[in-house]
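Structural characterization, general
One-letter residues, chain by chain:
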Amino acid sequence: MKNSDKSLLKRLGTGESIDQVCADEDITKGQLEKWWSGQLASRVPAMGGTRTANANVDIQRDKWGIPHVFADKSHDLFFGYGYAMAQDRLWQMDYLRRKAFGRLSEILGPSSLDTDVVARTVGINRVAESEVRRLPSSTERRLVSFSDGVNAFVRECDELLPIEFDLLDYAPEQWSPQDSLAIWGEFRWYLTGRLPVIVLPEIAKRILGSGELYRAFLTGEAEEESILPTGAYPPRIATDGRVGEVVSDLSEGLGSNNWVIGGEHTASGLPLLASDPHIAFASVSCWYEIHLSGAGFNTVGSGYTGVPGLLFGRNDHVAWGLTNNICAQRDLYKEKENKNQAGEYLYEGAWERSTDILETIEIKGQNPVEKTVKFTRNGPIVTEIIPAEASDTGPVSLRWVGHEPCDEITSLLEMCRAGSCNEFRESLRTWVVPTFSFGFADISGNIAYQASGRIPLKKYWDRGYRPGWESAHQWEEYIPFDQMPRIENPPAGWIRSANNRTAPEDFPYPLSGVWSSGYRALRIRELIESGDCHSRDDINNMQMDVLSKRAVDAIPGLLKILEETTNPAFVEEKDILSKWDMRMTKESPGGSLFEVFFNNWTLGVAAERFDTDIVPIMSGAMSGLSTELLTKDTYGWFKDGDLSRAVCRAMQRTVEQLSKKMGDDRTNW
């Protein structure tokens, strides 16, 4: 090699072609591949038992590579935690840290500017800076020890850091507690921000009005499936606000699931708990598995990379899992700006001056970009980061519970040491964001459910923007922790959640829920109720179940419409769907046919009422209405009554797409 290893890695990291590098270095591709393999091998950390000069800790790896950390003292245990995680995930940790602080553009260039603008506008960097000053002393000490472990590993790497650093030509900065807090803050935002859930109904209301067509747009799926059964809570008190509603989502099968079955329904006579937390696929996963033993801990499970604490796992006494509860912890406010004085916003008849913060974003290979974040009394102006289809309405501000004092990491650490269901529930008292559905069980046979987080008491239910100038749309109070949705040893003997409705509409408090389809919850209930002596194998089979309840609801109506058409091109399609068992197996032509059709169908449904340029984004929120329309058109959605023709057009597009991609032989679809 003519140049140093670092120089070659830097060239490859800029995207320079392998052919060009080989030509310049006068080597073959085979020689380059051998060099590359050597570079990778030299950077793989030793995975045997580890002791360092900074802590008395033993890290042992099992056959899957999962670290088991043993230490007598808390500092040593959490030092080992950080050290092991850095061994496995150092560059991922740095990536997540930079994403949280809005500093990805420094290493990845202008392609990451939009991501950085979101982080700086929401202010995840500012949130972490304020939170680190409010940590309980015990949590702070553990975070410091965790950081010490990360930094010890970085020092031991010396010049042989994970290869991503040399490809991108930079080195990681020192780890600190604030970094873990920022990563957790960004995860909060990922789970609770979800601005399209507000923006799309706002767009729909402007176009459809606030009458029946708008209600049709908001149609959900399996609305009646709630986590809390009717009667599992006190009667509703006099209060305003809605408990919530199911939000349509084209990708309803992507959400999380968990359930716990009491010992009276299991082969062992003890509870069985399952937790299946879904996050968008990535390599590597955001989840990090670990076993902590010593200093009051004997806990195994998974947490979020970069953050100490386990979101789902078990100890000697308690097992727990979770799903996202999706109760609205944010609002978007339409603001009125003074036409005569920029930066002034109306509130209760008076103009108020905004507070401005200048954020400077460094960009690799370019000049820095400066962004001024303006704040009204409601929060930062976020017009730049909402979907572009709704950015023409003037200033829009964000109020988010995540901007208020939070401390979930203390909960994450305390739940690891819970000795009973009651102690586990108590560990959630300090939890603020996000709202999760925790299911848990203990060795005494108790099973329980607790909705975590702080839910604002909102006087008016509105899925769109709120008027930022009216005090009636502000929220200052929250549902007390002891009044949050909860279940203990229910008569049914089981509890389940799948991002579905938390409670029926007569729950005592408005939850402002925007829940996912209830189809998965319905299927879990069916599977639990199908037997009375569940084993671990039964639970595994439940996790792998692929029956589509949406298809069960949609196929009969779809077949009826297709039967009424004389189009001979659909003979094979009708035969496939009529014989399909509604299971989404990879060998299933029916599954492929239905999924591609349903995507085209939602586009057709959206096109009936929305302009072409916004059809793609609006269709993603119309699965509930699209399913219902295959059986009935209650609201007259199709203006000329041409629903059947629209179905046939969607099916024709489906056939064309599948044929182009997979050939004309339907059995290969």
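Reference entry: report on the structure contained in this document. (Residues numbered from 1 in each chain as written. Predicted model: local features only at pLDDT ≥ 70, side-chain atom pairs only at ≥ 80, totals over all residues. Heavy atoms only, no water.)

1. As for helix 7 (residues 124-131)
Given 3.6 residues per turn, any residue in an α-helix points the same way as the ones three and four places further on. Extensive coverage of helix 7 is indicated by the burial of seven of its eight residues. Turning to helix 7, its buried residues are I124, N125, R126, V127, A128, S130 and E131. (Buried < 20%, exposed > 50% of the residue type's maximum accessible area, 1.4 Å probe, protein only. Helix = DSSP H or I, 4+ residues; strand = E, 2+ residues; numbered from the N terminus.)

2. Quick look at the sheet that holds strand 4 (residues 257-261)
Backbone-to-backbone hydrogen bonds pair the strands of a sheet. The strands run either parallel or antiparallel. Pairing within the open sheet is antiparallel, and its three strands lie in the order 5-4-21. Single-partner strands in this sheet number two, and they are strand 5 (272-276) and strand 21 (494-497). Across this sheet, the average inter-strand angle for adjacent strands is 5°, counted without regard to direction. In the sheet, strand 4 pairs with strand 5 via five bridges, with the strands oriented antiparallel. Across the sheet, residue V260 finds its bridge partner in strand 5, namely L273. Against the sheet, helix 15 (residues 519-529) contacts strand 4 and strand 21, and its axis sits at roughly 155° relative to strand 21. Contacts from helix 16 (residues 536-543) reach strand 4 and strand 5 within the one sheet, and its direction differs from that of strand 5 by about 25°. (Pairing = 2+ DSSP bridges. Axes fitted to C-alpha atoms, helices over the stretch in contact; angles between N-to-C directions. Contact = heavy atoms within 4.5 Å.)

3. Brief notes about the side chain of H534
Relative to the assigned elements, H534 resides in the loop between helix 15 and helix 16. Its relative accessible area of 5% is what places H534 among the buried residues. In terms of polar contacts, H534 uses its side chain to reach the backbone carbonyl oxygen of I528, at 2.8 Å. At 3.2 Å, the side chain of H534 and the backbone oxygen of G531 are in polar contact. Setting aside anything within four residues of it in sequence, one finds H534 in contact with I261, H265, T266, A267, L272, L527 and I528. (Polar contact = N/O pair within 3.5 Å; in protein donor to acceptor, adjacent residues only side chain to side chain.)

4. Some words on the packing of helix 15 against helix 17 (residues 549-563)
Contact geometry for helix 15 and helix 17: axes closest at 8 Å, N-to-C directions at 105°. Relative to helix 17, helix 15 is oriented roughly perpendicular. Each of Y519, L522, R523 and E526 in helix 15 lies in contact with helix 17, whose residues at this interface are K549, R550 and D553. Across the contact of helix 15 with helix 17, the residue classes break down as two nonpolar, no polar and five charged. (Parallel < 35°, antiparallel > 145°, perpendicular 65-115°, else oblique. Nonpolar A, V, L, I, M, F, W, Y, C, P; charged D, E, K, R; others polar.)

5. Concerning unusual backbone geometry
Here the residue pair S283 and V284 is connected by a cis peptide bond, since its omega of 5° sits within 30 degrees of zero. Mapping V284 onto the fold places it in the loop between strand 5 and strand 6 (287-294). Of note, the amide linkage connecting V433 to P434 takes the cis form, showing an omega dihedral of 0°. Structurally, the position occupied by P434 is in the loop between helix 14 (421-427) and strand 17 (436-442). Backbone geometry at D158 places phi at a positive 55°, although glycine is not the residue there.

6. Description of the pairing of strand 11 (residues 344-347)
Taken together, the four bridges between strand 11 and strand 12 (residues 350-353) define a ladder with antiparallel strand orientation. From the neighbouring strand, Y345 faces strand 12, where its bridge partner is E352. Between the antiparallel neighbours strand 11 and strand 12 lie two residues, among them E348 with a positive phi of about 50°.

7. Some details on empty space enclosed by the protein
All told, the structure shown has three cavities of 30 Å³ or more when counted by the stated rule. Each pocket or cavity is described by its volume, and for the largest cavity that value is around 100 Å³. Residue lining of the largest cavity: 14 residues in total, with A328, D331, W461, D462 and R463 positioned closest to the centre. Looking at the second largest cavity, the residues that line it are L191, T192, R194, V197, N324, I326, C327, A328, Q329, R330, T435 and V514. Its residues assigned to classes, the lining of the second largest cavity comprises six nonpolar, four polar and two charged. (1 Å grid on protein atoms, 1.4 Å probe; cavity = no way out; pocket = protein on both sides within 12 Å on 5 of 7 lines; lining within 4 Å. Points joined across faces, edges and corners; volume = space filled by probe spheres on them.)

Just distances and angles here, no functional claims.
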